Amino acid sequence: MMFQQDLETLPREELKELQLRRLQDLCARLYANVPFYQRKFDEIGITPKDIKSLSDIKYLPFTEKQDLRDNYPYGLFAMPKENIVRLHASSGTTGKATVVGYTHRDINNWANCMARSFASVGLTQKDMIHIAYGYGLFTGGLGAHYGAEQLGAVAIPMSGGSTKRQIQLMRDFEATALCCTPSYALYLYEAGLESDINFKELPLRIGVFGAEPWTENMRHEIEEKLSIKAYNIYGLSEVMGPGVACECEASANGLMHIQEDHFYPEIIDPITGEQLEDGEEGELVLTTLTKEGVPLLRYRTRDITSINTTPCACGRTFRRINRLKGRSDDMLIIRGVNVYPQQIEGIIIEAEGTAPHYQIIVTREGALDTVEILVEIAEGTFTDTIKGLQQREQKIQKTIKEFLGVTTKVRLVEPKTIERTDGKAKRIIDKR
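Predicted model only: the values in this text are computed from it and were never measured.

Definitions and limits used
Each chain has its residues counted from 1, running along the sequence as written. Note on the predicted model: pLDDT of at least 70 is required for a residue's local features to be given, and 80 or more for side-chain atom pairs to be given and counted; whole-chain, interface and lining totals, by contrast, use all residues. Values reported for side chains reflect all heavy atoms of the structure, with hydrogen atoms and water molecules removed beforehand. Numbering of helices and strands starts at the N terminus; helices are DSSP runs of H or I of at least 4 residues and strands are runs of E of at least 2. The atom set for the radius of gyration is the C-alpha atoms, and the globule formula is 2.2 Å times the number of residues raised to the power 0.38. Here a residue-residue contact requires only that any non-hydrogen atoms of the pair lie within 4.5 Å. All accessibility values rest on the Shrake-Rupley procedure with a 1.4 Å probe; residue burial counts only the protein chains present in the view. His residues and chain termini do not enter the charge count, which takes Lys and Arg as positive and Asp and Glu as negative. To locate a charge, take atom NZ for lysine, CZ for arginine, CG for aspartate or CD for glutamate. Angles run from 0 to 180 degrees between N-to-C directions of axes, and those axes are lines fitted to C-alpha atoms, restricted for helices to the stretch in contact. Orientation categories follow fixed angle ranges, with anything under 35 degrees roughly parallel, anything over 145 roughly antiparallel, 65 to 115 roughly perpendicular, and all other angles oblique. Side-chain classes are defined by residue name, with Ala, Val, Leu, Ile, Met, Phe, Trp, Tyr, Cys and Pro counting as nonpolar, Asp, Glu, Lys and Arg as charged, and the others, Gly among them, as polar. Pairing between strands requires that DSSP locate at least two bridges from one strand to the other. Each salt bridge in this description consists of a side-chain nitrogen of Lys or Arg and a carboxyl oxygen of Asp or Glu lying within 4 Å of one another. Whether a residue is buried, partly exposed or exposed follows from its accessible area with a 1.4 Å probe, protein chains only, as a fraction of its type maximum: under 20%, in between, or over 50%, in that order. We call a set of buried residues a nonpolar core when its members are Ala, Val, Leu, Ile, Met, Phe, Trp, Tyr or Cys and they connect through side-chain atoms within 4.5 Å of each other. Stacked, tilted and edge-to-face are the three classes assigned to paired rings of Phe, Tyr and Trp, where Trp is represented by its six-membered ring and a pair needs centres within 6.5 Å; plane angles under 30 degrees give stacked, over 60 edge-to-face, the rest tilted. Consider the ring centre and the ring normal. A charge sits over the ring if Lys NZ or Arg CZ is within 6 Å of that centre and within 35 degrees of that normal. What a helix is expected to span follows from its residue count: subtract one and scale by 1.5 Å.

Peer 1: Describe the overall build of the chain, and please don't skip the residues or the numbers.
Peer 2: Along its length, the chain carries 11 helices and 21 strands. In terms of C-alpha radius of gyration, the chain reaches 22 Å, essentially the compact-globule figure of 22 Å for 432 residues. Referenced to the eigenvectors of the C-alpha coordinate spread, the extents of the chain come out at roughly 70 × 55 × 40 Å. Taking the intrachain contacts of the chain between residues at least 6 apart in sequence as the baseline, contacts between residues at least 24 apart amount to 66%. Of the accessible surface of the chain, which amounts to about 18,800 Å², a share of 48% is contributed by carbon and sulfur atoms. Separation between the mean location of the 52 positive side-chain charges and that of the 60 negative ones in the chain comes to 2 Å.

Peer 1: Talk me through the packing of helix H7 (residues 163-172) against helix H8 (residues 182-194); I want residue IDs and the actual numbers.
Peer 2: It is the contact of H7 with H8, at a shortest axis distance of 9 Å, that shows an interaxial angle of 80 degrees. Our classification of the angle between H7 and H8 gives roughly perpendicular. Across the interface between the two elements, Thr163, Lys164, Gln166 and Ile167 of H7 pack against Tyr184, Tyr187, Leu188, Ala191, Gly192 and Glu194 of H8. For the contact of H7 with H8, a count of residues per class yields five nonpolar, three polar and two charged.

Peer 1: Residue-level account of the sheet that holds strand S7 (residues 229-236), with values.
Peer 2: Taken together, nine strands build an open sheet; the order of strands is S4-S3-S5-S6-S7-S8-S9-S14-S13 and the sheet is mixed. Each edge of the sheet is formed by a strand with only one pairing partner; in this case those strands are strand S4 (154-157) and strand S13 (307-308). Pairing between S7 and strand S8 (residues 241-246): four bridges, direction antiparallel. Its bridge partner lying in S8, Gly235 is registered against Pro242. Running at roughly 125 degrees to strand S5 (residues 177-180), H8 makes contact with S5 and strand S6 (206-209) of the sheet.

Peer 1: Outline the pattern of salt bridges, listing residues and values.
Peer 2: Side chains that differ in sign of charge can pair as their charged atoms come close. All chains considered together, the criterion is met by 27 salt bridges. Lys416 is the partner of Glu194 in a salt bridge, and the nearest nitrogen-oxygen pair spans 2.3 Å. Placement of the pair is Glu194 in helix H8 and Lys416 in the loop between strand S20 (409-413) and strand S21 (428-430), with a sequence separation of 222 residues. Close ionic contact of Glu223 with Lys229 constitutes a salt bridge, the shortest N to O distance being 4.0 Å. Judged by relative accessible area, Glu223 falls into the buried class, the value being 18%. The network of salt bridges with shared partners includes Arg12, Glu260, Asp278 and Arg319.

Peer 1: Please set out the sheet that holds strand S10 (residues 263-268) residue by residue, giving values where relevant.
Peer 2: A sheet is described by the order of its strands in space; here four strands give the open sequence S10-S11-S12-S15, paired in antiparallel fashion. The sheet terminates laterally at S10 and strand S15 (326-327), the two strands that pair on one side only. Pairing geometry for S10 and strand S11 (residues 282-288), over six bridges, is antiparallel. Residue pairing for S11: Ile268 is matched across the bridge by Glu283.

Peer 1: Explain the nonpolar core residue by residue, including any values.
Peer 2: In this structure, Leu23, Phe118 and Tyr234 are the most contacted members of the largest nonpolar core, which totals 69 residues. Membership of the second largest hydrophobic core comes to 23 residues, among which are Ile167, Leu178, Phe199 and Trp214.

Peer 1: Go over the packing of aromatic side chains, please, and point to the residues and values.
Peer 2: Any aromatic ring pair is given by two values, namely how distant the centres are and how the planes are angled relative to each other. Following the criterion strictly, the structure yields seven aromatic pairs and no others. Ring geometry for Tyr31 against Phe41: centres 5.8 Å apart, planes inclined by 65 degrees, an arrangement best described as edge-to-face. Here the residue Tyr31 occupies a position in helix H2 (residues 12-33), and Phe41 occupies one in helix H3 (residues 35-44), the gap between them amounting to 10 residues. Assessed through its relative accessible area of 25%, Tyr31 is described here as partly exposed. A centroid spacing of 5.8 Å and a plane angle of 70 degrees characterise the contact between Tyr184 and Tyr187, whose relative ring orientation is edge-to-face. Separated by three residues within a single helix, Tyr184 and Tyr187 lie in helix H8, roughly one turn from each other. According to the relative accessible area criterion, Tyr184 is buried, its value standing at 0%. Above the face of the Tyr102 ring, Lys291 is positioned so that its terminal group lies 5.2 Å from the ring centre.

Peer 1: Explain H2 residue by residue, including any values.
Peer 2: Here H2 contains 22 residues, and its C-alpha end-to-end distance of 31 Å stays within 8% of the 32 Å for a straight helix at 1.5 Å per residue. Those residues of H2 lying buried are Leu15, Leu18, Gln19, Leu20, Leu23, Leu26, Cys27, Arg29 and Leu30. Structurally, H2 contributes buried residues whose contacts are with H3, S10 and S11.

This is the structure we're talking about:
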């Protein structure tokens, strides 16, 4: 099913023409209205009129998260405040918050992108969509909410927290779809067991999960426990929010269609910044082609992926990005070896008797980095002898060493030892 079939199936040449017109308009608006970008253009000696083709985008300056912080709160706004109808912002836990403003048209485009995403995974106006993303300045809750209403479905605006009540209302309201982080979906399953509510007896059929990277192994875990089809959705609060890209029913294998009429994707080398070819792995860069409030040029997402140009059986002509491997700024360098948390997660979930809840603790002893991984034992299996647990720990350590080339210490802990949250799971504690 498609929500805007005429746009989602545009022939590639027509789509490229549309993207170029929108890119040229974007550059003109940024140069005229945002002093930050005017300075950037002037520094590299380029003007909006120099953009003659899509390939010329490689000459344009990058935008980074720090640029939003340095221009806090309104320095990157391209419209007067009287044209802004909503603000969203990051938590600002690692610095000043990144503030993004939306015009009426921005909100409508966002709702359409989310409606497209929901439709692509099989949701219709007959569905009841339980939204457990946080509402407020975080983009997740309201993004999913507006998308559900745009689709014509029923939005159930639960937000985060009150986990046991969430389970009860999912049952009472007969929710057919769940939106939250993948780690919170598993937490909801655990809460259901404690409340004697069996997910397999609920009308729930589809889960749309995002806001944190997750593996295919975690997808299988969620689908088995919740008895649903689980789909991946992608977005960034700085760029728009959820709905920038999403899987579809025809390719629920980590590949996500980018809403290319709104966002122009590139892959670059995260070290050199050089543009890479489709199919090559690197950092995803996004340009907001239609944003009015806070349009961004070549925004460095720090997410590691590649662009897949293989035609999709669903009929959409938008290119797809592969499942995110991790973030360039989440990558751990352990004694010269690059390691992503998702690589460790995949090994943990495949290990016998473990749950998909873990934390990676990195410390430094003298001149050497040490890694300890806390892994929860699955419910009902914490009855092994100490020797048996040690053998399991050693087996996981050996597998990590063989596949990733990193020496770690794995410690198996009791179920529910690692803190649960209704937002993004905290996977890494770096004490170096």
